[in-house]
Amino acid sequence: MGSPCKLRITVSVEGLPTLGEGEAYSCFFHDTETPAMFANTGVVCPTPDASSLPSIGDGDEFVMVILSLRFLNVTVAETEFTLFDCGLVQKLSERRPCHGCVSSRWGCNWCIHEHVCTHRHTCSQGVTIYNKNFKPSTPTIPPPTRKQTTLTVTTAATTVTATQPPLTMTPATTTAAATTAAIPTTFNSKSTSRHAMDTTPHFIGTFSQATSLHTDASITRGSIFDRNVATTRHFSEDETVDWLIENVDNDGNTSHTTLPSSTIGPVDSGVTLVEPSGEAAGSSSGISSTTSGEVATLPDLAGIDLAGGIPVVSSEKSDTPPWERERPESGVDGRVPFFLTDANKNLTFTQSPEMVIESIIESDENYQADSSDSYFMDCPCMEKVDDSALLPVNVERKITLVGQHLNLFQDDNLNYECVLDVENRSVVVEASVEPDAKQPSVFLITCKPHQFVYSALMEEYPATINVRRKDHFFIDCADDLFVTLYNCSVGRADCSRCRTANPKYGCVWCGGPASSHCIYHGSCTDDVENTCPAPVIHFLDPVSGPVEGGTLVTISGSNLGQRAEDIHNSVTLAGVPCSVIHSRYEISSRIVCETTSSQGEKSGQASVKVRGGGLGLSAQTFSFQDPILSSIFPQRGPKAGGSSITIKGRSLKTGHPSDVSVLIGGIPCMVLSIEEDHISCLTRASNRTGEHGIMVRLGGAERHLQGVVYHYTSNPNISWAAPSKSFLSGGRIITVSGLNLDVVQDPKIRVTLSPPDSLPPRRRRSTAQLNEGQDQQIPLMRRRRIIPDVDCSQGALCHVKQYESRCTVNSSSLILCPTPAVGPDARRARVKVHFLLDSLHFDFNTVGNEAFSYEPNPKLYMLNRNDPDKPYHHKPGSIISVEGENLDLAIYKQEVQARIGDGVCSVKTLTHNHLYCEPPVKQPSVRSSQKKDVMDSLPEFTVKMGNINFSLGRVQYDSHALSIFPLEAQVGVGVGASIVVLIVLIIVLIYRRKSKQAMRDYKKVQIQLENLETSVRDRCKKEFTDLMTEMMDMSSDLVGSGIPFLEYKAYAERIFFPGHQESPLRQDLDVPESRRQTVEQGLVQLCNLLNSKLFLTKFIHTLEAQQTFSPRDRAYVASLLTVALHGKLEYFTDILKTLLNDLVEQYVAKNPKLMLRRTESVVEKLLTNWMSICLFNFLRESAGESFYMLFRAIKHQVDKGPVDAVTGKAKYTLNDNRLLREDVEYRSLTLNVVMPAAAASGGASTQTVPAKVLDCDTITQVKEKLLDQTWKGTSVSRRPHADSLHLEWRAGVAGHLILSDEDLTSVVQGLWKRLNTLQHYKVPDGATVALIPRSTKNHLHDSHDYMPGEKTPMLDDGEEGGVKLWHLVKASEESELPKHRRGSVREKGGERAKAIPEIYLTRLLSMKGTLQKFVDDLFTAILSTSRPVPLAVKYFFDLLDEQALQHNINDPETIHIWKTNSLPLRFWINILKNPQFIFNVQTSDHVDAVLFVIAQTFMDSCTIADHKLGRDSPINKLLYARDIPRYKQMVERYYADIRQTISASDQEMNSALAELSRNYAGEVNFLVGLHELYKYINKYYDQIITALEEDCTAQKMQLGYRLQQIAAAVENKVTDL
């Protein structure tokens, strides 16, 4: 690497601290440490072994090494060395090693006879060609002695002088004269001793250290990488650092050079070497800029390139020779060897203490000293081919080359040889050399004649040619030096092509008819053929075309003419002329022609007649055909395209397939395949529906399908898809509903799995980070941070995967898609599901209720887990229970298929870990083919869950008969009998011990209460079990229909404007059309005015100050403001905070605990609306499901018992005011309801749906229950109203009877008329009924004998004045009943009065216990902090805490009350009492009564005060006495958890509010809201104007003036404008 010399480098730093004993400096070469030794001139650093230095990389010729002087971990100074290898320069120069060597930037020299590139100045033998970038001084100076030359360098007006004193350092001399320097150099060509280098002079350069360091050099590929070298010690202006390099060669000679170690860089591009004549070589106007540690190459330092630079300032004299004035050529990076300069950078010097460089240089003795012109010689080289470079194969030819400077080899016998590279083979040919008489440096090298060949199928082959000294080395050759071999026979297989070859090749068609071929004319030994044979046609493409012509036919063959004119007008197909297309003609081998009309179908050969030649006929026949279209299938498809259609006909495979196209109504249909009798194509999108004609183009012909059209239908659309989960094994059926689904031909479901997180972005390291690294081994290349690929751990998904499965079209509205099986990596991947309906794609997320996910596969354990080989013994009549894991994660019980042999085991219950199924009564049989032994004769129990099939063992039925009376029942009867006996004994004892009738009655009641409590407990269990079964069925229904959430617009209407018949959001702007534009402009101005916070607060406070501004008006204005500011919720929140602060100040002065208790101000209603907006998503995603399940559970439980249609009282309720206290006899009926669609169609195929009702229900109640059960998949708003339908009882052949609440058969007793019930009509269980639309006319009949099949309603009764309606109990009697009872009880004794209400309390407790789970689930969903708390709740609670802190309110109870009044009272209670605010449901009084109790319980749970229970306590406190303390703990924990979470910043809240504004701003009609709001402005116009005029700020902002403008625009009001 440069040189085997050993180096000792001396570091000289002025002011370097002297170390104590045991302390030492260290030198680091790259990462290799060497000990530093003190010397007189500084610290000496010996270089390490070459093996410890970094190696030169492939393709490079140098490497850079950092040398640093350190004390412990402190870097005192550092620099960079460039180590180069001239041998690698030679290797990388390829065909021109000599030229590459002498033109390198490293100062390498070329040894001609040794054929070596070296850094040394002389060669051991022969001539040396010196590097062209390093110019010597005048060679007339005598051989030097060992003296010292001093170079003094300064800047600006500072002068550099040069002297030759003895070997001592002298200070610089500063004058105002021009800068000069003397560098004596001697070359002795006669000396061969290396020791003569001791006479080389010392170079002493005096520098001043730069104090500012900077570089702006750009880093470019292929250039030296320049960078700032940051050291850990910074020198002041009076410090200097010197580097002294001492070179020890193999002979023991040494040289040393002191270089500055500071970050001195190269000088300006004008700085050059100072010649010994005292004149500067070149000129420079100055030296500027700062530097970084730069690389400099001294040709004498054994290939070591030092950082730092020796800038030499020259004068501007121009009387030196031109070659001396020429600035040396720099390398790619601008470095100039020896001069240590960089043309791309500048250096700033200051006149601080100087830095000395001392170098003892070993010089070679064989420097040529003839003259400056003879010093630089050109390399011997081969320049060009003297004669033609075209050489035919198999013909002896000689090659003459022109060479230069071969005389430098100084040999008499010029032994050379030519070497050609032909197909990676070296062809060596002897060569003779003759000098040019006119030009002595020019030589002619003649390669002896030789036959060259190559095997490649190429017309021409470029062969590289080189010249080498015989059995020695190659001489430099020009990069473009090569000869061209050519072969006439390649690509010219026939006569026509041969005769049309380029004349320069001299190719001829040689030989007789049997063995003719194309060769070079000099090689032809037979006769040369001047006439080509007859054409030969190989094949035709296509072989058919329409009779109209216009088909482009390609005729391929040989000898098809030498130019297009030879066959013009002489080509026919089946005797029909074919017009030749000249532009597409290929000599001899191809003719393209266009057919003309054939006037009918015909077939025949193709013929080609060549002018002056023969006639050629084809073996193939060409047919003119007349295609016919007959039909198309299918005849309809979606306008989005993507449907595959087939057009049938005859002769459709006519012409070239690429010329066949299909158009449907002018829209291309992509052709898929073409056969003789049909064409298949894929439709493309159309912009309209309807009928379209079919046209097929076959080249220039067109065919239309007559009498048949294609119908573009509306696109298929998916409206809903469920379920949203599947096991990894797939196979679960996804139900896809929509419209026009039957036009889809190839429906698919595609699952895409993608990695959960993308790879981190790659970041570029900064320059400072690069500078800190100490181990960069390739500093000359562009720095790149290589980030390794992230390892793909086992089980992780690293690439996108897709899985598909085909779906089945069930009907126009239903598609069934089985989920595809995926790998286990789907659990950690992002899952996207799409439905592919031909060309349309639908994302599951847009049509499903939630994102699709894959769950782990289920596991089922063997029936006989202890011994799987033995059969499982089953007792007939019992249920089979199977244990497992993950059973219900992604499947419902209806989807599970369980079988025992050929029999079905009906799945009854499916939980997370259990599957319960009811097996057949008798043991199913096994196929005879499967019976091999005893075990095989038993049926096998199998379970299929999607694509997974479980085989869980054989099942053997026990032989003993099923017990008629189960053991559990027997035990229950025994226990019951014991209890009865015990009760009887207690009664007897009490009877004997008590003598007073009152006490005896009291004990009887007590016993009754105990029995009632027991019965209540049992009833709760039974009712809860039934309710859970019913709710599970309802959950299955919800999978299909989903929870009927209201859209945001309807939700906002019902929240903002409760009790309004018509919401302002649904109204249109009620202004005349002529003034609409003006009014709208005025309303927009009002919207802008509302953006003024001052105006809005003044407006609100002014309205609230008016006595006529009622609480209802306050709520209405607040809602109108909410609508107006809905698109700017951030501003709305800011206004809310301002008004809330005013409200707090108002209540702090009074009683702070009363704040937000009622809606008495605008801000309180604004808060309600704000909470409703912010919590809408939380309702839908979190609490909504639990609330809906509670609502349905209440409705189901209430409807199970009698409900009085007149009073609204029910047997099952939580509200004692709505309790039906009478015991009403009733029974449950199951009616078969004929669906309306099926009923309309008629016929025997009528389908019915079972529905449960009570026989005591009125006809209207029955209709409502039937609608709920038969239309459960349809939202309430889309169902028909019960009053719009008749209930028709269809009693077989007896006729159809329309039932109604009141008719002539109604029972009337005095002034009371009872509503008709099913019991009144004696409708039996299992009867068939239908809901039919009401007709405008009813047929009246005189009798009740109805004709079969005739729809006859009951006769409507006329209006009777004063008649009172009743259903189950008469209103007056029922209300008076408790009063009578209480009176009778008082007569019998005072104790009895307390017992009677408790009897009804047990019935309420039964209802409460049944609903307990659903109430707990709802409260948990509302008060849980396991999932993130809504941001609005956290933000507002923090705001309340801040207000309390600001106003010095430290009472926790007050803050608790504020939070309760703002969230539970203001939002949750409102929602709990009004489920219709969030759901599309039909409410009723008896359901609302139950919800009222639950809402009151929730409110009681949020209060801190304890309520003492008593007889007169509210019913909700009595019912939930044990639960309210638990709920209170939940509330307190909820508030505490919210307070402990991280505070929500204004930025986060504003971001969330901005997103809500974007999502819902379009849902409200803000113009109508503004117009309604203006009505209040108009009503209190004068007061508002007065308030604005009294405020100085409002006057400056001209708010009153702007309001007057708005009034003028909106109402055309005359103002003071």
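Residues numbered from 1 in each chain as written. Predicted model: local features only at pLDDT ≥ 70, side-chain atom pairs only at ≥ 80, totals over all residues. Heavy atoms only, no water.

K.L.:
Is there a simple way to explain the packing of helix α12 (residues 1093-1104) against helix α14 (residues 1129-1148) in this structure?
P.N.:
Two packed helices can be described by the angle between their axes and the distance between those axes. Close contact between α12 and α14 brings their axes to 11 Å; oriented N to C, the two are set at 50°. Compared by their axis directions, α12 and α14 come out oblique. Pair α12 / α14 crosses with right-handed handedness. Across the interface between the two elements, Lys1093, Leu1096, Thr1097, Ile1100 and His1101 from α12 touch Tyr1131, Asp1134, Ile1135, Thr1138, Leu1139 and Asp1142 from α14. Here the contact of α12 with α14 is composed, by residue class, of 5 nonpolar, 3 polar and 3 charged. (Axes fitted to C-alpha atoms, helices over the stretch in contact; angles between N-to-C directions. Helix = DSSP H or I, 4+ residues; strand = E, 2+ residues; numbered from the N terminus. Parallel < 35°, antiparallel > 145°, perpendicular 65-115°, else oblique. Left-handed = near helix turned anticlockwise from the far one by under 90°. Contact = heavy atoms within 4.5 Å. Nonpolar A, V, L, I, M, F, W, Y, C, P; charged D, E, K, R; others polar.)

K.L.:
Explain the packing of aromatic side chains to me, please; I cannot follow it from the model alone.
P.N.:
Enumeration over the complete set of coordinates arrives at 31 aromatic pairs. When the centroid spacing of 5.2 Å and the interplanar angle of 80° are considered together, the rings of Phe844 and Phe852 count as edge-to-face. Joined through ring pairs, the aromatic side chains of Phe1056, Phe1057, Phe1109, Tyr1116, Tyr1576 and Tyr1580 make up one cluster. Across the ring face of Phe28, the terminal group of Arg70 is positioned such that the distance to the ring centre comes to 4.0 Å. Above the ring of Phe409, the side-chain terminus of Arg469 is found at 4.4 Å from the ring centroid. (Phe/Tyr/Trp six-rings, centres within 6.5 Å; stacked < 30°, edge-to-face > 60°. Lys NZ or Arg CZ within 6 Å of the ring centre and 35° of its normal.)

K.L.:
Quick question: what am I supposed to make of the environment of Val1493 here?
P.N.:
Turning to its location among the elements, Val1493 is positioned in helix α25 (residues 1485-1501). Sequence separation between Val1493 and Leu1519 is 26 residues; the distance between their C-alpha atoms is 9.3 Å. Not counting residues up to four positions away in its chain, the partners in contact with Val1493 are Leu1214, Asn1215, Ile1515, Asn1516 and Tyr1520.

K.L.:
I tried to follow the pairing of strand β68 (residues 1228-1234) on my own but got confused; where do I start?
P.N.:
Two faces belong to every sheet, and in a regular strand the side chains alternate between them. As paired strands, β68 and strand β69 (residues 1248-1254) are joined by 7 bridges and run antiparallel to one another. For Leu1229, the partnering residue across the bridge sits in β69 and is Val1253. Across 3 bridges, the pairing between β68 and strand β74 (residues 1328-1333) is parallel. Each residue of the ladder has a partner; that of Asn1232, found in β74, is Thr1328. (Pairing = 2+ DSSP bridges.)

K.L.:
Teacher, can you tell me more about unusual backbone geometry here?
P.N.:
Most peptide bonds take the trans form, and the phi angle of most residues other than glycine is negative. In this model, Asp541 is joined to Pro542 through a cis peptide bond whose omega is -5°. Its place among the elements puts Pro542 in the loop between β32 (536-541) and β33 (544-546). In this model, Phe633 is joined to Pro634 through a cis peptide bond whose omega is -10°. Note that Pro634 resides in the loop between β40 (628-633) and β41 (636-638). Phi is positive for Ala574, which is not a glycine, with a value near 55°. Within the secondary structure, Ala574 sits in the loop between β35 (571-573) and β36 (576-580). Phi is positive for Asn1448, close to 55°, though the residue is something other than glycine. Residue position: Asn1448 is located in the loop between α22 (1431-1446) and α23 (1452-1462).

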